[in-house]
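# Structural overview
Residues per chain are reported as follows:
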Amino acid sequence: MHVDAFNQYHAGESLIHHLDARAKVVVAISFIFSNALLPDGSWVTFTLAWMFLLLANELSGLGLGFTLKRSFVALPFALVAGSAIFSPLGEPLAVWDLGFMTLIPTDAGVRRFFSVLIRSWLSVQMAILLVATTPFPDLIHALEHLRAPRVLTTIIAFLYRYLFILTDEARRLLRARESRSANLSGRKHGGTLWWRAKVTGNMVGQLFIRSYERSDRIYKAMLSRGYAGHLRTLNPHIMRRFDWLILILSLTFLLLVQFLGWIQ
Amino acid sequence: MPVKHQAVHDIRTPLCEGEILQVQDLEFAYPSGYAALRGIDLCIREGERVALVGPNGAGKSTLMLHLNGILGQSKAILIAGLPVIPENYPVIRALVGLVFQNPDDQLFSPTVFEDVAFGPLHMGLSEEEIYQRVEEALAAVQMSEFEDHLCYHLSMGQKKRVAIATVLAMRPKILVLDEPSAGLDPRARRSLIQFLDTLPITMLAATHDMRLVEDLFPRMVIMDEGEIVADGLTSRLMANDSLLKAHGLESSRA
Amino acid sequence: MPVKHQAVHDIRTPLCEGEILQVQDLEFAYPSGYAALRGIDLCIREGERVALVGPNGAGKSTLMLHLNGILGQSKAILIAGLPVIPENYPVIRALVGLVFQNPDDQLFSPTVFEDVAFGPLHMGLSEEEIYQRVEEALAAVQMSEFEDHLCYHLSMGQKKRVAIATVLAMRPKILVLDEPSAGLDPRARRSLIQFLDTLPITMLAATHDMRLVEDLFPRMVIMDEGEIVADGLTSRLMANDSLLKAHGLESSRA
Amino acid sequence: MLFSPTPLHIPDGFLNLVISLLFWALTMAMVGLAISKTNKTLGERQIPLMGVMAAFIFAAQMLNFPVAGGTSGHFLGGALAAIVLGPWAGILTMTAVVAVQGLLFQDGGLLVMGANIFNMGILTAAIGFGLYRAVRNRPRALRLGGIGVAAWLSTIAAALITSLQLWLSGTSRLEIVIPAMLGVHALIGFGEAVITVAAVAFIEQTRPDLLRAENSANGKWGWAVAGMGISLLVVLISPLASAKPDGLERIAEDLGFINAGRSAPYEILPDYTVPLLGETALSTILAGAIGALFVLGILILVGRRMSSRA
Ligand SMILES: Nc1ncnc2c1ncn2[C@@H]1O[C@H](COP(=O)(O)OP(=O)(O)OP(=O)(O)O)[C@@H](O)[C@H]1O
Ligand SMILES: Nc1ncnc2c1ncn2[C@@H]1O[C@H](COP(=O)(O)OP(=O)(O)OP(=O)(O)O)[C@@H](O)[C@H]1O
Ligand SMILES: [Mg+2]
Ligand SMILES: [Mg+2]
């Protein structure tokens, strides 16, 4: 994967892009929270939550395909949740004899499995929408305003700054190794598994020392340009009345969804 | 922005079958969408020494990284007749020795010995032969007594030499050098030139050091904005002031 | 090992009170124990342009990093009369603009704009002035159209230019440049020289580019093994072939 | 692939609210402790350093090595971070890594981030540093061996606790998820161990001052005890957990957070036999403990020989 993957932000002029980052973070987290709280099998309210997501997506101007395409990152985990199908808490639907073990899918299990998948799928899309419409430094700033520990947000801000530089360094190490991974004679090549792992370990050590020393130099470069312990940005970060309005509307909607989900 | 010039080709034959390095209409865009190479044609005969010059951002490094498949496969490049595709990577990486612009990009093992031995080890050579090759390569760059040193504690010029040794130990047929003289003090630069002059292999070097070009490379290729805009005898191109100027260059005597 | 020469001093006055940069008997050893600076004496008058030359590993970069307290405090250095101690760091860092040898060490923000704006932003300037300074600085290195590009997608030479712009945007009184011309193409190098020539400020540059020294710096300081071995008029020192040779140097006409 | 979602980054939706919040609380407590500890012992310079180290862990995860058949060994980095930075800074570093993986790349969810940080940052740091603390003044072979065991165990522990969280959330069946997760991570842990050992050996060789400086700040034995304790627990629990297939149902019934109204129809379920593991929980625990003792014994013997030679 290329470093461009780090630039998850997709510039735009939409309503969602212009919303204050704090408001977006609070709504996104509440949305995910609400999904986790909804009982299994409340398909109607899941659909309502989905509508909310679709609306946000529409307003962001990113297009439907955008989040959809990226929403399958959690798919490998579906495998893990697959075993929930065999929950002993419901009515058995079938009996599968695999020889060494017998599996019995149940209705409650199937319901749970799909509920987990839907929750996850909705939540992931909301998170994608959040980072696609908010520049990462603003996101960190929002977390700071939301009382995340300053030490942590500053570490994260630095992490973000150095990420490009160090992954580039890692990429160059990989390139260096690749360009000398040769074989001309047609004999067995590549060395032993043990040796390959050890070479990779050396590369990690190499990367560590380089990162350490480079951090030293870059830190000095920042100092020499006036850095004094706090990173500044050009964005004013003010919650306007509009931000509050959207925030309150969204939270009210999510409360409603919860209410519907539980009276069902 | 540089003025567009008619391409000046004078020693390239239109067809170059059988030559050791053939690039035909190579195009490449970085994932960001920037088209760094826009139709490169280049042929190099065995034993030839070619300098690649051009302004910053012309695409020289990008082209060099293509020559052993590091930026991905490409059927537009043939190395000794083999297209640069994943099946051929191991063979092509044994044929083409690439020395990166920055020696820190090249060295990844703790000691000088281990780093120079990486290539031969990976090729599956016998232990005996590995030792022999490492010694030979280090001797060639006058770094034999540094065998057990940590790569990481070397000076810039020493790193550069070790970087060249790591590639020499693989006995490549084509040596591809990206800015071999950058950062070297004048004495180290001179001894590098003298050493390269003794090597009998095919050589392609990207550089901004016009004196290096004049001293070592009879043939010169000028790149600009991802295209080859001139390819010919160094002596002739260096005399063409307007051509040089149009591409951000100047002869070392200017 | 370089032959030890009697130090050649001809324009330095023994006392240099009131000068913008004063270094007296500066010693420094790296944590590894290596003594990189062994008693440096150097005075630079306001508006003077001084080149610092010497072989790889002489200690040039180490000296430059001291000038704004990056390698720690030192009372041996006075900048505009202020000792380099933590209380004075903010002032000294506004006075001394340092361009590192490796542009990768200098650029740490995602986009070119953000990186050049970093200094002015942390100086607490108004938004308007920040924009103006960024534009001016980028124009000076001819990188204006790269404002929105990502720093890590630039070519080596492009990075170097942006690195210089980041420092220019802070309008320092003393410009300290570590190998400003390395990796630049001849045109960029020439326009950098021309641009630096228009700057009326004090300048100290470490370089292996002897022609740059001849073109831009009337005064030249030669370092070797952590000591200053010569300090004088460029024209005079350049004529002293045995001196140059003893320290791994050569004049650009050699 | 650079950020292939490893089976350890739990996405949102896979843990229930109670577990998510519980682990958020645990994590917040530990991170708060780490912040106060690092503030006390480390200077301003440490914050950018930890930022860089976090970026380093990210970048190091890109460095893989071909194993076989197109798969490749990856690196998680929790143990290494704790070893080179010390436990508290290691925890903060890994917290930043996991947070950015979740925030920026959706590799791991937001609501479950507390659990993810706990599994991959706090637990791995405790085991990694704890075991390292116990062996770091030993002869080289023993020390590197200990680091390898620490890295391997930290991976296993992260996998184990992830499985337990999934099971407690009612998302997975224990008897399926434990053998699967532990099986996969026993292999991943091998790569982790070799890489960590080689990386530490490299740093010892080139910049020993970095390792010494970071560790002198933590002189107490608490970490060694904690690390060993958790490791022992991992060794004991992993077979135990996989041999108790009906734990979830029992807990679910007791707590009643899955379909409280329904009666659990245990009668119709056949007995589970778990493949690859012994008949009784006891025998598997014994086997695990004996294996662990065996490894430890070899390490001590090798260490003795090395030190007597020196
Ligand atoms: N990873 C990347 N992503 C996008 N664009 C890139 C990337 N790397 C380089 N480029 C762009 O591709 C062009 C060619 O870059 P390249 O490094 O090949 O130049 P070069 O000729 O080697 O320059 P230099 O003389 O400065 O080394 C430049 O315009 C550069 O900005
Ligand atoms: N971090 C470090 N730890 C130990 N020694 C160092 C360190 N950095 C530099 N040195 C040593 O200090 C000496 C001076 O290094 P410095 O970088 O100042 O040289 P330089 O004159 O700038 O050389 P170049 O022309 O190659 O840039 C060298 O011998 C180098 O090996
Ligand atoms: Mg280049
Ligand atoms: Mg230097």
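Residues numbered from 1 in each chain as written. Chains lettered and ligands numbered in written order. Predicted model: local features only at pLDDT ≥ 70, side-chain atom pairs only at ≥ 80, totals over all residues. Heavy atoms only, no water.

### Description of the coordination of the magnesium ion (ligand 4)
Residue and element names in this part refer to chain C. Keep this limit in mind: Only nitrogen, oxygen and sulfur atoms count as donors, using a 2.8 Å cut-off from the metal that widens to 3.2 Å for Na, K and Ca. Water is left out, so coordination shells may look unfilled. Helix and strand assignments follow DSSP, with helices taken as H or I runs no shorter than four residues and strands as E runs no shorter than two, numbered in order from the N terminus. Each residue's exposure class comes from its accessible area (1.4 Å probe, protein chains only) as a fraction of the maximum for that residue type: buried when under 20%, exposed when over 50%, partly exposed otherwise.
In this structure, S61 (OG) and Q101 (OE1) serve as the protein donors to the magnesium ion (ligand 4), at separations of 1.9 to 2.1 Å. In this pair, S61 sits in helix α1 (residues 60–66) while Q101 sits in the loop between β7 (96–99) and α3 (103–106), placing the two residues 40 residues apart along the sequence. Classification of Q101 by relative accessible area gives partly exposed; the value is 35%.

### Topic: the pattern of salt bridges
Residues and elements named next belong to chain C. The following threshold applies: Any carboxyl oxygen of Asp or Glu within 4 Å of a side-chain nitrogen of Lys or Arg constitutes a salt bridge here.
Going through the model one piece at a time under the given rule, you end up with 26 salt bridges over all chains. A salt bridge links E48 to R219; its shortest N-O distance comes to 3.1 Å. Of the two residues, E48 sits in the loop between β3 (35–44) and β4 (49–53) while R219 sits in strand β10 (residues 219–224), which places them 171 residues apart along the sequence. Taking relative accessible area as the criterion, R219 reaches 4% and is therefore assigned buried. The partner of E129 in a salt bridge is R133, with the nearest N and O atoms 3.7 Å apart.

### Observations regarding the environment of A:A11
Among the secondary structure elements, A:A11 is positioned in the segment before α1 (15–18). Sequence spacing of A:A11 and A:Y219 is 208 residues, and the spatial spacing of their C-alpha atoms is 29 Å.

### Re the side chain of C:D224
Put simply, the rule reads: This count recognises Lys and Arg as positive and Asp and Glu as negative, with His and chain-terminal groups excluded. Pairs of N or O atoms are called polar contacts if they sit within 3.5 Å, as long as, within protein, a hydrogen donor faces a hydrogen acceptor (for residues adjacent in sequence, only side-chain-to-side-chain pairs).
Turning to its location among the elements, C:D224 is positioned in strand β10. With no salt bridge to any partner, buried C:D224 finds its closest opposite charge in B:R187, at an N-O distance of 5.7 Å. Among the polar contacts made by the side chain of C:D224, one reaches the side chain of C:H247 at a distance of 2.8 Å.

### Some remarks on the sheet that holds strand β5 (residues 74–79) of chain B
Residue and element names in this part refer to chain B. What counts, and what does not: Pairs of strands are assigned from DSSP output, requiring at least two bridges between the strands. A fitted line through C-alpha atoms represents every axis, and for helices the fit uses only the stretch in contact; the resulting angles, taken between N-to-C directions, go from 0 to 180 degrees.
Strand order in the open sheet formed by four strands is β3-β2-β5-β6, and the pairing between neighbours is antiparallel. Either end of the sheet is taken by a strand with one partner, and the two such strands are β3 (35–44) and β6 (82–84). Sheet twist, expressed as the average angle between the axes of neighbouring strands with direction ignored, equals 25°. Two strands pair when backbone bridges link them, and strand β2 (residues 21–29) and β3 are joined in this way by seven bridges, in the antiparallel orientation.

### Some thoughts on the sheet that holds β3(C)
Residues and elements named next belong to chain C. One open sheet accounts for four strands, arranged β3-β2-β5-β6; its pairing is antiparallel. One side of each edge strand has no neighbouring strand; the edge strands of this open sheet are β3 and β6 (82–84). Shown here is a sheet whose adjacent strand axes are inclined to one another by a mean of 25°, direction ignored. Both strand β5 (residues 74–79) and β6 contribute to a ladder of three bridges, which runs antiparallel.

### A short note on the packing of aromatic side chains
Our working definition: Stacked, edge-to-face and tilted are the three classes for Phe, Tyr and Trp ring pairs, Trp counted by its six-membered ring, which pair at centre distances within 6.5 Å; planes under 30 degrees apart are stacked, over 60 edge-to-face, the rest tilted. A ring has a charge above it when a Lys NZ or an Arg CZ is no more than 6 Å from the ring centre and no more than 35 degrees off the ring normal.
Applying the stated rule across the entire model yields 16 aromatic pairs over all chains. Ring centres of A:W50 and A:W121 lie 6.1 Å apart, and the angle between their planes is 45°; this geometry places the pair in the tilted category. Taken together, the positions of A:W50 in helix α3 (residues 43–60) and A:W121 in helix α6 (residues 107–133) put the pair 71 residues apart, joining distant regions of the chain. Judged by relative accessible area, which is 24%, A:W121 ranks as partly exposed. Summarising the aromatic geometry, the rings of B:F108 and B:F118 are spaced 5.0 Å apart at their centres and angled 85° between planes, so their arrangement reads as edge-to-face. You can see B:F108 sitting in the loop between β7 (96–99) and α3 (112–122) and its partner B:F118 sitting in helix α3, a full 10 residues away along the chain. Under the relative-accessibility criterion, B:F118 is labelled buried at 4%. By the ring-pair criterion, three or more aromatic residues cluster together here, those being A:F31, A:F52 and A:F253. For C:R38, the ring lying beneath its charged end belongs to C:Y34, and the centroid distance is 5.9 Å.

### Considerations on the coordination of the magnesium ion (ligand 3)
Surrounding the magnesium ion (ligand 3) are the protein donor atoms B:S61 (OG) and B:Q101 (OE1), at 1.9 to 2.6 Å. Assessed through its relative accessible area of 24%, B:S61 is described here as partly exposed.

### Digging into the site of ligand 2
Residue and element names in this part refer to chain C. Stated formally: A molecule or strand has a residue near it when one of that residue's heavy atoms lies within 4 Å.
The immediate surroundings of ligand 2 are formed by 13 residues, with G57, K60, S61, T62 and Q101 found nearest. A58 places a main-chain nitrogen or oxygen 3.2 Å from an oxygen atom of ligand 2. Within the side chain of S61, one N or O atom sits 2.6 Å away from an oxygen atom of ligand 2. Ranked by residues supplied to the shell around ligand 2, first place goes to α1 with three residues.

### A look at the interface of chain A and chain B
Interface size, as often reported, equals the accessible area lost upon joining of the parts. Note the cut-off: Residue contacts follow a heavy-atom distance rule, with two residues in contact if any of their heavy atoms lie within 4.5 Å. Summed over both partners, buried area is the accessible surface (1.4 Å probe) that two parts give up on being assembled.
Across the contact, 29 residues belong to chain A and 31 residues belong to chain B. Summing both partners gives a buried area of about 2800 Å² for chain A against chain B, and 57% of it is carried by carbon and sulfur. Across the chain A-chain B interface, the total number found is zero salt bridges. Summed over the shared surface of chain A and chain B, the number is two residue pairs in polar contact (both at pLDDT 80 or more). Sorting elements by how many residues they give to the side of chain A that touches chain B places helix α9 (residues 193–223) of chain A first, with nine residues.

### Quick look at a nonpolar patch on the surface
All names here are of chain A. This is how it is decided: Patch rule: a residue counts if its relative accessible area is over 30% and it has no salt bridge; like charges are joined within 9 Å, and nonpolar side chains (Val, Leu, Ile, Met, Phe, Trp, Tyr) within 5 Å. Exposure was quantified through the Shrake-Rupley algorithm and a 1.4 Å probe, taking into account, for residues, occlusion by the shown protein chains and nothing else.
Together, L15, L55, L59, F242, L245 and L249 line one region of the surface with nonpolar side chains, adding up to about 530 Å² of accessible area. Listing elements by their share of the nonpolar patch, those giving two or more residues are α3 and α10 (241–263). With three residues, the top contributor of residues to the nonpolar patch is α10. By secondary structure assignment, the location of L59 is in helix α3.

### Structural notes on the packing of helix α2 (residues 21–37) of chain A against α3(A)
Residue and element names in this part refer to chain A. Here is the rule we go by: Working definition: roughly parallel below 35 degrees, roughly antiparallel above 145 degrees, roughly perpendicular at 65 to 115 degrees, and oblique for all remaining angles. By convention the crossing between two helices is left-handed if the near helix lies anticlockwise of the far one by an angle smaller than a right angle, and right-handed if it lies clockwise. Each residue receives one of three labels: charged for Asp, Glu, Lys and Arg, nonpolar for Ala, Val, Leu, Ile, Met, Phe, Trp, Tyr, Cys and Pro, and polar for the others, Gly being one of them.
The interhelical angle for the contact between α2 and α3, taken along N-to-C directions, is 165°, at an axis separation of 11 Å. Between α2 and α3, the crossing angle belongs to the class labelled roughly antiparallel. Crossing handedness for the pair α2 and α3: left-handed. On α3, the residues that touch V27, F31 and N35 of α2 are F46, A49, F52 and L53. Residues belonging to the contact of α2 with α3 are distributed by class as follows: six nonpolar, one polar and no charged.

### Side note on the site of ligand 1
In the vicinity of ligand 1 lie 20 residues, with B:K60, B:S61, B:T62, B:H208 and C:S155 positioned nearest. Looking at what sits near ligand 1, you find residues from chains B and C. Contact distances for ligand 1 include 2.8 Å between an oxygen atom and a side-chain N or O atom of B:K60. The contact in question runs from an oxygen atom of ligand 1 to an N or O atom on the side chain of B:S61, over 2.7 Å. For ligand 1, whose unbound accessible area comes to 640 Å², protein coverage reaches 92%. For the shell around ligand 1, the elements supplying multiple residues, two or more each, are α1 (60–66) of chain B together with α6 (156–168) of chain C.

### Things to note about the packing of helix α3 (residues 78–85) of chain D against helix α7 (residues 174–206) of chain D
All names here are of chain D. Relative to each other, α3 and α7 sit at 20°, their axes nearing to 10 Å. One finds that α3 runs roughly parallel with respect to α7. Where α3 crosses over α7, the handedness of that crossing is right-handed. Packed against α3, whose contacting residues are G78, L80, I83 and V84, the element α7 presents E192, T196, A199, V200 and I203 at the interface. Partitioned by chemical class, the residues of the contact of α3 with α7 number six nonpolar, two polar and one charged.

### Quick look at the side chain of B:N88
Residue and element names in this part refer to chain B. Mapped onto the elements of the fold, N88 is located in the loop between β6 and α2 (89–95). For N88, a relative accessible area of 14% translates into the label buried. Not counting chain neighbours up to four residues away, the residues in contact with N88 comprise L82 and P83.

### Quick notes on the pairing of strand β8 (residues 174–178) of chain B
All names here are of chain B. Here is the rule: If you view a crossover with the strands going away from you and the path from the first strand over the helix to the second runs clockwise, you call it right-handed.
With five of five residues buried, β8 is to be regarded as a mostly interior element. Covered by surrounding structure in β8 are I174, V176 and D178 together with L175 and L177, the residues of both alternating faces. As defined by bridge partners, β7 adjoins β8 across four bridges and the pair is classed as parallel. Note that in β8 the partner of L98 across the bridge is V176. Inspection of the sheet shows β8 paired to strand β9 (residues 202–206) by five bridges, in the parallel sense. Residue L175 lies in a different strand from β9, and its bridge partner there is M203. Chirality of the crossover, the property in question, places the unit of β8, helix α6 (residues 186–198) and β9 among those that are right-handed.

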